[in-house]
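Overview (structure and organization)
In case you want the letters, here they are:
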Amino acid sequence: MFDLDGHVQHYAWGSRTALPALLGREADGRAWAEVWFGAHPLAPATVPGGERLDAVIAADPAAMLGADVARAFGGRLPYLLKIIAAERPLSLQVHPTRAHAAESFAAENAAGLALDSPLRSYRDANHKPEMLIALTSFTALCGFRAPRRAARILEGLGTALTDRLHALLVQNPTAHGMRAAFRTLVSASLRPSAHAVHQVVEACRARWETGASPSPRIDRSVMLLAEHHPGDPGVVAALLLNPVTLQPGEAMFVPPGALHAYLHGTGLEIMATSDNVLRAGLTPKKVDADEVLQCVSVAAAPPLRVAPERQTPASIAYYAPVDDFELAITQLASPAGGEQALHPIPGSGPRIVLGLEGRTTLETAAGTHLLRAGGAVFVPAADGPLRAAGTGRFAQASVP
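For Leu115, the location among the structural elements is in the loop between α5 (98-110) and β6 (130-134). Sequence-wise, Leu115 and Ser215 are 100 residues apart; in three dimensions their C-alpha atoms are separated by 42 Å. Once residues within four sequence positions are removed from consideration, Leu115 is found in contact with Leu42, Phe105, Arg120 and Arg123.

Turning our attention to the sheet that holds strand β21 (residues 386-390). Sheet architecture is open: four strands sit in the order β16-β21-β18-β19, paired in antiparallel fashion. The open sheet terminates on both sides in strands that have one partner only, identified here as β16 (343-345) and β19 (367-372). Neighbour-to-neighbour, the strand axes of this sheet turn through a mean angle of 30°, independent of strand direction. Sheet topology places strand β18 (residues 359-364) next to β21; four bridges connect them, and they run antiparallel. By the bridge assignment for β21, Leu362 is matched with Ala388.

This next bit is on the packing of aromatic side chains. Counting across every chain of the model gives four aromatic pairs. Seen in terms of ring centroids, Phe138 and Tyr262 are 5.4 Å apart; in terms of plane orientation they differ by 85°. Their pairing is edge-to-face. Here the residue Phe138 occupies a position in strand β7 (residues 138-144), and Tyr262 occupies one in strand β10 (residues 260-272), the gap between them amounting to 124 residues. Accessibility assignment for this pair places Phe138 and Tyr262 in one class, buried.

A separate point is helix α9 (residues 194-210). With 17 residues, α9 extends 25 Å from end C-alpha to end C-alpha; this agrees with the ideal 24 Å at 1.5 Å per step. Buried within α9 we find Ala196, Val197, Val200, Val201, Ala203, Cys204 and Arg207. Seen end-on, α9 carries its buried residues on one side only, within an arc spanning 160°. When the buried face of α9 is taken as reference, the exposed residues oriented beyond 90 degrees from it are His195, Glu209 and Thr210. Where α9 is buried, its residues meet α6 (147-154), α7 (160-171), α10 (216-228) and α11 (234-237). With its phi angle positive at about 75°, Gly211 sits one or two positions after the end of α9.

One can find Ser215 in the loop between α9 and α10. Distance in space between the C-alpha atoms of Ser215 and Ala55 is 50 Å, their sequence separation being 160 residues. Here Ser215 is in contact with Arg145, Arg149 and Ile153, once residues within four sequence places are set aside.

Attention shifts here to the pattern of salt bridges. Per the counting criterion, the structure on display carries 14 salt bridges. A salt bridge links Glu34 to Lys82, with the nearest nitrogen and oxygen atoms 3.4 Å apart. Of the two residues, Glu34 is situated in strand β3 (residues 34-37) and Lys82 in strand β4 (residues 79-86); the sequence distance between them amounts to 48 residues. With a shortest N-O distance of 3.5 Å, Asp324 and Arg98 are connected by a salt bridge. Remark: Arg98 occurs in helix α5 and Asp324 occurs in the loop between β14 (315-319) and β15 (326-331); sequence separation between them is 226 residues.

Thresholds applied
Residues numbered from 1 in each chain as written. Predicted model: local features only at pLDDT ≥ 70, side-chain atom pairs only at ≥ 80, totals over all residues. Heavy atoms only, no water. Helix = DSSP H or I, 4+ residues; strand = E, 2+ residues; numbered from the N terminus. Contact = heavy atoms within 4.5 Å. Pairing = 2+ DSSP bridges. Axes fitted to C-alpha atoms, helices over the stretch in contact; angles between N-to-C directions. Phe/Tyr/Trp six-rings, centres within 6.5 Å; stacked < 30°, edge-to-face > 60°. Buried < 20%, exposed > 50% of the residue type's maximum accessible area, 1.4 Å probe, protein only. Expected span 1.5 Å × (residues − 1). Arc of directions from axis to C-beta. Salt bridge = Lys/Arg side-chain N within 4 Å of Asp/Glu carboxyl O.

See below:
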């Protein structure tokens, strides 16, 4: 087992207190948005001595990953585990399929763009399906509403922009009508003015204050987004999307092509090892409307909630419909008498174990390790079965 030091990302939307508290570190006044526990080359975790996890794996992929995983994923760890703490809304974004990412990454490489260039849209050649498990109440927008329902949300707002969107959806209440409405908001040639966006926000505010809103949640979301991104057409796009609130322990899967924006809360994120984010708005970073429109799915779909399955009396698992990752959460409890019995932990292959609460003793054939809240370890496939004792709570990322 290898101790892991996760890579902290200080994005502006992050909380200044949530992640330092969870990790048992001193808050430093900066926004702590994410901590990455994985082997993505742009921000890999490190092991004692400072060696990068991707380098440790590359030195012996068969032992680190297992022969089957190494063969299936080209000798690379296929997942990335993160803790995310959103104090302010994230960008309105979508992630590409594997085929589209590979093609576009190759094109940007051929154009000579450096991997860290702000002009890039693709940081790697992989897809980026992801699953979020809430640690606190977590709010988001995800996926498009049915066109008729979106038209009902727009009806009566009485602005020129919402009237135009409403007409597109009423005249063609299909995915084609929804694509036309979304294109109206994000396409460079059609993008509405900041004044038009402000009119929509004020109309939502007035409707919400009178108690006449067909969706008070979405009107509140529009007002929240406008506070942080005034004049951004992505604020209006929220009216086309599904609002979602996850309570602690609830999970949501976001497939490639699903338009989404995380709004507020702390959670675990597990995803394919990728940093391909195509932004449609609500951000000071690069917005690539053309790529978003190529990749986005406008089919009406509710947020894809993932129900956990009980593996053992101590462990539940969240299974996503992909081969790259799965995630389990284990809550240990001391038996009467206080003896620290070792419990078999389901799973195999390369694992990353992240302490959430308390103290846990982890044991494999290679040795033992004391895991504290906020600590993380990489368990190579060659270490074999994992057992645990204590009263801790921890998350385990692994490969199906």
